[in-house]
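# Structural overview for review
The lines below spell out each chain.
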Amino acid sequence: MTKLTFEARVFIKDALPRLYGDVKRTLLRDRPEMLEQLELLYLVERCKCGLDGCVSFVCESADARFTPINGRRPLSYPLGEVHGWYSLSDDGVFAGFEVLDDYDDGYLDSCLVEAGFGSNASGATPTTEDPSEVAKGKWDGSLPPIEPRSEDQEQKTSTNSVYMTAPAVQHLIEYRLAVQAYSREEIVDFTDAAMAANATPQATVVRGFRYPSLLSAAVHESTRRVFNLRMPLNKSKDGFEMRTVVPEGRFAPSRKG
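All values derive from a computational prediction rather than experimental measurement.

## Notes on the side chain of Glu 98
For Glu 98, the position within the fold is in strand 5 (residues 94-99). In terms of polar contacts, Glu 98 uses its side chain to reach the side chain of His 171, at 2.7 Å. Reaching out from Glu 98, the side chain makes a polar contact with the side chain of Arg 176 at a distance of 2.7 Å. Excluding its chain neighbours within four sequence positions, the residues that come into contact with Glu 98 are Ser 56, Ser 76, Gly 84, Trp 85, His 171, Tyr 175, Arg 176, Thr 244 and Val 246.

Following this line, the structure appears as structure tokens:
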């Protein structure tokens, strides 16, 4: 990745001042030690998964002290005033912002486009693939085929069904796999755990709006990190659509070295 000069960098505080203020308030409440890094974060790229409402993006710090040492497989922590998470690498450095729902006026998308970071458009076509196929290890990293269902099949579908959509798969590829460097096997495990029998339905309330999800606890086998797995959902006419699976941190990691 080509490094930009300081003058060419687009800083979050300048390009996205509303989000910057919201993140600052979240950190003041939850993790004030991270405030030092926030001011010098600049935009690197945005997610182009095509998932409706996704305005996720990757960031880096202009301060060499906060260059990620172990930047792979970051954990995510909820933002307080927008439906999304900020990601921290194992060494406690900002790695990006995963935002699944923009502000009501489309603020983040318009600001990112104005800053030269395109639009969220992969051209992915929605499908009704069951995410249990991912959990069973049948996902090969490509988009699942569209299987039209008959009227009888529609009537037999349980109202509690959870479906995979092509943009959700693409989000896992674009963000969890390509950006955060989680492996295909880890994503399969995440999906399996998030849909386990002991997963807890939850509703996250942001700005008065309720966002449903499934929540499960897990242990990352390679590092023994303990974290939650959250599967945000959208209500559909015959069940719920899975949006992604988020490895959600349960505590603040300490910076190594």
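## Remarks on helix 7 (residues 166-179)
Compared with the 20 Å implied by 1.5 Å per residue over 14 residues, the 18 Å span of helix 7 between its first and last C-alpha is a close match. A large share of helix 7 lies buried, amounting to 10 of its 14 residues. Here the buried face of helix 7 lies against strand 2 (57-61), strand 4 (84-88), strand 5, helix 8 (184-194), strand 10 (239-242) and strand 11 (246-249). Residue Ala 181 follows helix 7 closely and has a positive phi angle near 65 degrees.

What counts, and at which threshold
- Residues numbered from 1 in each chain as written.
- Predicted model: local features only at pLDDT ≥ 70, side-chain atom pairs only at ≥ 80, totals over all residues.
- Heavy atoms only, no water.
- Helix = DSSP H or I, 4+ residues; strand = E, 2+ residues; numbered from the N terminus.
- Polar contact = N/O pair within 3.5 Å; in protein donor to acceptor, adjacent residues only side chain to side chain.
- Contact = heavy atoms within 4.5 Å.
- Expected span 1.5 Å × (residues − 1).
- Buried < 20%, exposed > 50% of the residue type's maximum accessible area, 1.4 Å probe, protein only.

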